[in-house]
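Spelled out, the chains give:
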Amino acid sequence: MPRMLVCVDGLNIFHALRDLDEDLLKIDPMALSKFIADGHGISEVRVQYFTAKIRHLGNSVKEAQDKYLAELRSSGVGVVLGEFRSQSQNCPHCETKFWKHQEKQTDVALATELVKGALSGEYEEILLFSADSDFLPAVQFVTQECPWITIRIVSTVAYLRPVYATLVRASQGQIRLSAELVSKFQFGPTI
């Protein structure tokens with residue numbers, strides 16, 4: 001039975017979709033991945049969503065993310081959480097102190113899952129929902145060591161352009177997320 005592994009870089013896809021259309025942020029990656037899988041003759045899909053809990057942007061953002069993560073889990077998506085780390089920095093020009101927040105552990109966890117999935121022999125296809133060129137070594141490893149697996153990069157056109165020469169070329173193709181396509185695979189409004 002042909003199987004597909006889907007790895008979603010949550011923060012990268014959030015920013016890509018926000019730049020495409022603010023109304024498309026509640027993407028249902030399981031439904032979209034099953035739609036793509038059907039078109040490729042694949043019957044089983046496993047989706048893993050990698051992100052970090054947002055705690056530094058206020059309660060409304062935290063609550064919205066918590067609801068979205070619950071919707072992901074309810075749809076059968078596995079959620080893998082990293083963390084945001086805060087670091088105090090000083091402006092080099094005026095010496096004003098500010099806090100810089102960085103997502104940690106999610107990219108490494110995603111790359112590990114991608115490689116582990118490829119080496120398991122369970123999947124014929126892997127979708128990587130990200131345009132982050134940090135995943136280039138993992139994609140190159142999979143294409144070189146597991147040539148029987150098709151790996152495709154999934155993102156918006158605007159996000160795919162800057163990485164075309166690296167990440168997309170290292171894979172076996174790309175799937176461009178348009179507003180029209182993504183609008184068909186949204187979670188409904190929450191009450």
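Residue numbers restart at each chain and count upward from 1, following the sequence in its written direction. Per-residue local features of the predicted model are confined to residues with pLDDT of at least 70, and side-chain atom pairs are confined, for both listing and counting, to 80 or more; whole-chain, interface and lining totals are unaffected and use all residues. Side-chain calculation: all heavy atoms of the structure are included, whereas hydrogens and water are not.

(A) Main features of the pattern of salt bridges. When a carboxyl oxygen of Asp or Glu is within 4 Å of a side-chain nitrogen of Lys or Arg, the pair counts as a salt bridge. Throughout the structure, instances matching the rule amount to 8 salt bridges. The partner of Glu113 in a salt bridge is Lys116, with the nearest N and O atoms 3.5 Å apart. With Glu113 and Lys116 both in helix H4 (residues 106-120) and 3 residues apart, the pair spans about one turn of that helix. Overall, Glu113 belongs to the buried group, its relative accessible area being 9%. For Arg152, the salt bridge is made with Glu125, and the minimal N-O distance between the two is 2.8 Å. Taken as a pair, Arg152 in strand S6 (residues 150-155) and Glu125 in strand S5 (residues 125-129) lie far apart in primary sequence, 27 residues in all. There is no split in this pair, since Arg152 and Glu125 are both buried. What counts as a helix is a DSSP run of H or I of at least four residues, what counts as a strand is a run of E of at least two, and both are numbered from the N terminus. Between buried and exposed lies partly exposed: a residue is buried under 20% and exposed over 50% of the maximum accessible area for its type, with that area taken using a 1.4 Å probe on protein chains only.

(B) Representation of the pairing of S6 in the model. In terms of burial, S6 is largely enclosed, as 5 of its 6 residues are buried. Direction of pairing for S5 relative to S6: parallel, over a ladder of 5 bridges. Among the inter-strand pairings, Leu128 is bridged to a residue of S6, identified as Ile153. Consider the strands pointing away from the viewer: the crossover is right-handed when the path from the first strand over the helix to the second runs clockwise. You can see the chain leave S5, run along helix H5 (residues 136-145) and come back into S6, and the turn it takes is right-handed. Whether two strands pair comes down to DSSP finding at least two bridges between them.

(C) Structural context of the packing of aromatic side chains. A pair of aromatic rings is counted whenever rings of Phe, Tyr or Trp (Trp by its six-membered ring) have centres within 6.5 Å, and the orientation is called stacked for planes under 30 degrees apart, edge-to-face for over 60 and tilted otherwise. Counted according to the given criterion, the structure contains 3 aromatic pairs. Their ring planes at 40° and their centres at 5.2 Å tell us that Phe35 and Phe185 sit as a pair that is tilted. Highlighted residues: Phe35 in helix H2 (residues 29-39) and Phe185 in the segment after helix H7 (179-183), separated in sequence by 150 residues. According to the relative accessible area criterion, Phe185 is buried, its value standing at 11%. Taken together, the ring pairs in this structure connect Tyr49, Tyr68 and Phe187 into an aromatic cluster.

(D) Spatial organisation of H4. The span expected for a helix works out to 1.5 Å for each residue beyond the first. Look at H4: 21 Å from first C-alpha to last across 15 residues, which is about the 21 Å you get at 1.5 Å a residue. Three or more residues of H4 are buried, namely Thr106, Leu110, Glu113, Leu114, Gly117 and Ala118. Down the axis, H4 shows its buried residues gathered within 130° of arc, on one side only. Facing away from the buried side of H4, by more than 90 degrees, are the exposed residues Val108, Lys116 and Leu119. Just downstream of H4 lies Gly121, where phi reads positive at about 75°. Within this analysis, the arc is defined by the directions that extend from the helix axis to the C-beta atoms.

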